[in-house]
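Spelled out from the first residue to the last, the chains are:
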Amino acid sequence: FSVPATSRQIMAGDLSGRLEITPAGDEFDRLAENLNAMLDRIMHLLHGLKDVSDNIAHDLKTPLTRLRTRVETTLAGPADVEAYRTALEATIEESDQLIRTFNALLMIARVEAGSPDGALGPLDLAQIAADVVEFYEPVAEEAGVTLTLSADGPLPLSGSRELISQALANLLDNAIKYVASGEPVVEAPTVAVTARQVENEIVVSVADNGPGIPEADQERVLQRFVRLEKSRSQPGSGLGLSLVDAVVKLHHGTVALGDAGPGLVVTLRFPAEN
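All values reported here derive from a predicted model rather than from experimental measurement.

1. Here's the deal with the overall build of the chain
Across its full length, the chain holds seven helices and seven strands. Secondary structure of the chain in N-to-C order comes out as α-α-α-α-β-α-β-β-α-β-β-α-β-β. Of all 274 residues assigned to the chain, the portion counted as buried reaches 38%. A sequence separation of at least 24 residues applies to 64% of the contacts in the chain between residues at least 6 apart. Here the chain displays about 16,000 Å² of accessible surface, and carbon together with sulfur accounts for 56% of that area.

2. Overview of the packing of helix α6 (residues 161-181) against helix α7 (residues 240-250)
Where α6 meets α7, the axes come as close as 9 Å, and the angle between the chain directions of the two elements is 145 degrees. Pair α6 / α7 crosses with left-handed handedness. In contact with L163, I164, Q166, A167, N170, L171 and N174 of α6, α7 contributes G240, L241, L243, V244, V247 and L250.

3. Description of a nonpolar patch on the surface
On the surface, M38, I42 and L46 cluster together into a nonpolar patch covering about 250 Å² of accessible area. Relative to the assigned elements, I42 resides in helix α2 (residues 27-59).

4. Remarks on the nonpolar core
One finds L147, L168, L172, V191, I202 and L268 to be the most contacted residues of the largest nonpolar core, which totals 50 residues. At the level of elements, α4 (81-112), α5 (125-143), α6, β4 (190-198), β5 (201-208), α7, β6 (254-259) and β7 (264-271) are the ones that each hand at least two residues to this core. Here this core gets ten residues from one element, more than from any other, and that element is α6. Ignoring sequence-local partners within four residues, the contact set of I202 consists of L125, L155, P156, L157, R196, Q197, L268, R269, F270 and A272.

5. Describing the sheet that holds β4
The strand order across the open sheet formed by five strands is β2-β4-β5-β7-β6, and the pairing between neighbours is mixed. Single-partner strands in this sheet number two, and they are β2 (146-151) and β6. The mean inter-strand angle of the sheet, taken between neighbouring strand axes irrespective of direction, is 15 degrees. Bridge count for β5 against β7 is seven bridges, and the pairing is antiparallel. Residue pairing across strands places V204 opposite L268, the latter belonging to β7. Sitting on the sheet, α5 touches β2, β4, β5 and β7, and the angle it makes with β2 is about 170 degrees.

6. Notes on the pairing of β4
Two faces make up the sheet, and in a regular strand the side chains alternate between them. As defined by bridge partners, β2 adjoins β4 across six bridges and the pair is classed as parallel. Looking at the pairing, L149 lines up with V193 of β4. Sheet topology note: the β4/β5 ladder contains eight bridges and is antiparallel. Across the sheet, residue Q197 finds its bridge partner in β5, namely I202.

7. Some thoughts on the pattern of salt bridges
Under the criterion given, the structure shown has seven salt bridges. Where E72 meets R68, a salt bridge forms, and the shortest distance between an N and an O atom there is 3.4 Å. Of this pair, E72 and R68 both sit in helix α3 (residues 61-76), four residues apart, which is roughly one turn of that helix. One connected set of salt bridges, linked through shared partners, spans R66, R70 and E94.

8. As for the pairing of β7
Burial analysis of β7 places six of its eight residues in the buried class, the great majority of the element. Adjacent in sequence and paired antiparallel, β6 and β7 are bridged by four residues, among which G261 carries a positive phi angle near 55 degrees.

9. Structural notes on the side chain of H251
As for its position among the elements, H251 is in the loop between α7 and β6. Once you skip the residues sitting within four places of it in the chain, H251 turns out to touch S158, G159, S160, I164, F270 and P271.

10. A few points about the environment of A5
Turning to its location among the elements, A5 is positioned in helix α1 (residues 3-11). On the accessibility criterion, A5 (33% relative accessible area) is partly exposed. For the pair A5 and L19, spaced 14 residues apart in the sequence, the C-alpha separation amounts to 9.4 Å.

What counts, and at which threshold
- Residues numbered from 1 in each chain as written.
- Predicted model: local features only at pLDDT ≥ 70, side-chain atom pairs only at ≥ 80, totals over all residues.
- Heavy atoms only, no water.
- Helix = DSSP H or I, 4+ residues; strand = E, 2+ residues; numbered from the N terminus.
- Buried < 20%, exposed > 50% of the residue type's maximum accessible area, 1.4 Å probe, protein only.
- Contact = heavy atoms within 4.5 Å.
- Areas by Shrake-Rupley, 256 points an atom, 1.4 Å probe, with all protein chains shown as cover.
- Axes fitted to C-alpha atoms, helices over the stretch in contact; angles between N-to-C directions.
- Left-handed = near helix turned anticlockwise from the far one by under 90°.
- Patch = residues over 30% accessible without salt bridge, like charges linked within 9 Å, V, L, I, M, F, W, Y side chains within 5 Å.
- Salt bridge = Lys/Arg side-chain N within 4 Å of Asp/Glu carboxyl O.
- Core = buried A, V, L, I, M, F, W, Y, C linked by side-chain atoms within 4.5 Å.
- Pairing = 2+ DSSP bridges.

Everything listed here is a matter of coordinates, which is why it stays silent on function.
Below, the structure written as structure tokens:
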């Protein structure tokens, strides 16, 4: 196979070129397979970087423009200390949201690149679920939401405690926020977290009895910056579920959204440790 020709194609910037693999199955074929896999990974990372850059360009331009317009309008008006204070407070609040968005984008990019912060090691997913639920109990109580946990432990898993905790926290935050303020109003809003081992998988689910998500939109909401029309009134950037999806994929798992009848259930599946 023409290694020089393929190499020149790749060096010219066309990463679609691949080395030919013959039926011989010798060492050169195995080397070609490894090089092709490496090129596939490089292309995946480059596409991910392009997606992040496009998202930043398109979705952060509006809040930055709004922030500048607010300051410009305030300065163009009459000198008023109270007006200046109000404008500065709003600017700080929007700047904080922009920083959170940037941080979420960077975390997603690192996770998708396979370079998460913190070491991967043995952990107990049942204990992580208990810790996250305990942390959110005051939030749920304040919102009038009943938060429950059913976990069979221990549930051993190899991974990043910080990232899995963040993923579960994102799911709980979304569930509590939308079940407490959804339309139609839920008389007894509840969020139920379950964690158990099913055969060779560890299954964690977060279910609520809120308005749910239409089946046609359930795959789409895992993409970056996607916010459904009914969630526009809630604070957020549309990155929470994207981060959950990236974290679960890093741990060789899957994410599925479904109908909780009523409400939404998000199910995470991880391969169990042997």
